[in-house]
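Commentary on secondary and tertiary structure
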Amino acid sequence: MSTIKPRIDESWKEVLEAEFKADYFSELKDFLVKERDRYTVYPPGSKMFAAFDRTPFDKVKAVIIGQDPYHNPGQAHGLCFSVPRGVDIPPSLRNIYKELISDVGIVKPQHGNLEQWAEQGVLLLNATLSVRAHQAGSHQRRGWEQFTDAAIKAVAEKREHIVFFLWGNYAKNKAALIDASKHLILTSVHPSPLSASRGFFGCKHFSTANKYLIDNSMEPVNWSIT
């Protein structure tokens, strides 16, 4: 991506080759180069495609869909809901942890880095892969959604028995890209403090996902954060 130099696993480069060559993606690259000249943009360029780099296409077993990267310093590192070690755990992730403790009995995590999930095949995908500092949603409708929709469609069409976690109305809209007869789609309200008590707590998505994976001869996810 010219000056942005992303790291992305080769399997995804192959699957998304047509997207990288598309006109809209060239326009997106130009937009990002101009943004970086004028503003601070998160996450760092090298981590913009971290979800794809950490979880190769043929290893995906679950997909968690977020909307935007975090827009405050030090938070965004390319995986939705995740923050680097040493950064305060954001409120939505705290609620995800609460549900995990209740659902599958994990020990309360001490940090918010979800790389352990990504390395087990959980694609932690934001619909928009960049954001201007302190301005939530500032890089929406610039092409990222078309790119990440193509990634979701590729998983849905080329793979089988994947668990899709769609939390909140924005993520739920992605169900239209997924064949529910081939995959498991789990929906609820968003885990944010504004909505978690209206159906996220008690959804038992994590145990449901693992039962589905086991039933389809796949390794369950170890949701513990060590």
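Residues numbered from 1 in each chain as written. Predicted model: local features only at pLDDT ≥ 70, side-chain atom pairs only at ≥ 80, totals over all residues. Heavy atoms only, no water.

**Comments concerning the pairing of strand β5 (residues 163-167)**
For β5, the tally of buried residues reaches five of five residues, placing the bulk of the element in the interior. Every second residue of β5 is oriented toward a common face, with Val163, Phe165 and Trp167 on one face and Phe164 and Leu166 on the other, all of them buried. Where strand β2 (residues 62-66) lies against β5, three bridges are found, and the strand directions are parallel. The partner of Ala62 across the bridge, within β5, is Val163. Summarising the sheet, β5 and strand β6 (residues 184-188) pair through five bridges and their orientation is parallel. Each residue of the ladder has a partner; that of Phe165, found in β6, is Leu186. (Buried < 20%, exposed > 50% of the residue type's maximum accessible area, 1.4 Å probe, protein only. Helix = DSSP H or I, 4+ residues; strand = E, 2+ residues; numbered from the N terminus. Pairing = 2+ DSSP bridges.)

**Brief notes about the nonpolar core**
Formed by 73 residues in total, the largest nonpolar core has its most connected members in Trp12, Phe52, Trp117 and Phe165. Top contributing element to this core by residue count: helix α7 (residues 144-158), with eight residues. Once residues lying within four places of it in the same chain are set aside, the contact partners of Phe52 are Ile8, Asp9, Trp12, Leu16, Leu123, Leu125, Leu129, Phe147 and Ala151. (Core = buried A, V, L, I, M, F, W, Y, C linked by side-chain atoms within 4.5 Å. Contact = heavy atoms within 4.5 Å.)

**Quick notes on the packing of helix α3 (residues 23-38) against α7**
Relative to each other, α3 and α7 sit at 130°, their axes nearing to 9 Å. Classed by the angle they form, the pair α3 and α7 counts as oblique. In the crossing of α3 with α7, the sense of the turn from one axis to the other is left-handed. Every residue of α7 that contacts α3 at Tyr24, Phe25, Leu28 and Leu32 is listed here: Trp144, Gln146 and Phe147. For the contact of α3 with α7, a count of residues per class yields six nonpolar, one polar and no charged. (Axes fitted to C-alpha atoms, helices over the stretch in contact; angles between N-to-C directions. Parallel < 35°, antiparallel > 145°, perpendicular 65-115°, else oblique. Left-handed = near helix turned anticlockwise from the far one by under 90°. Nonpolar A, V, L, I, M, F, W, Y, C, P; charged D, E, K, R; others polar.)

**Observations regarding the sheet that holds strand β3 (residues 122-126)**
Read across the sheet, four strands follow the order β3-β2-β5-β6 without closing on themselves; strand pairing throughout is parallel. The sheet is open, and its two edges are formed by β3 and β6, each paired on a single side. Taking the axes of each pair of neighbouring strands and ignoring which way they run, one obtains an average angle of 20° across the sheet. As defined by bridge partners, β2 adjoins β3 across five bridges and the pair is classed as parallel. Bridge pairing in β3 links Val63 to Leu123.

**A short note on the state of the cysteines**
Enumeration according to the criterion identifies zero disulfides in this entry. Of all cysteine sulfurs in the structure, the one in Cys203 sits closest to Cys80, which takes part in no disulfide; the separation is 15 Å. Taking relative accessible area as the criterion, Cys80 reaches 0% and is therefore assigned buried. (Disulfide = S-S within 2.5 Å.)

**Quick word on the side chain of Asn126**
Along the polypeptide, Asn126 turns up in strand β3. Only 3.4 Å separates the side chain of Asn126 from the backbone nitrogen of Gln67, close enough to count as a polar contact. Beyond its immediate sequence surroundings of up to four residues, Asn126 is in contact with Gly66, Gln67, Asp68, Pro69, Leu79, Cys80 and Thr148. (Polar contact = N/O pair within 3.5 Å; in protein donor to acceptor, adjacent residues only side chain to side chain.)

**Some words on α3**
With 16 residues, α3 should cover 22 Å at 1.5 Å per step; its first-to-last C-alpha distance of 23 Å lies within 8% of that length. By the burial criterion, the buried members of α3 are Tyr24, Phe25, Leu28, Phe31, Leu32 and Glu35. One side of α3 carries all its buried residues, which in axial view fall inside an arc of 115°. More than 90 degrees from the buried face of α3, the exposed residues found are Asp23, Glu27, Lys34 and Asp37. (Expected span 1.5 Å × (residues − 1). Arc of directions from axis to C-beta.)

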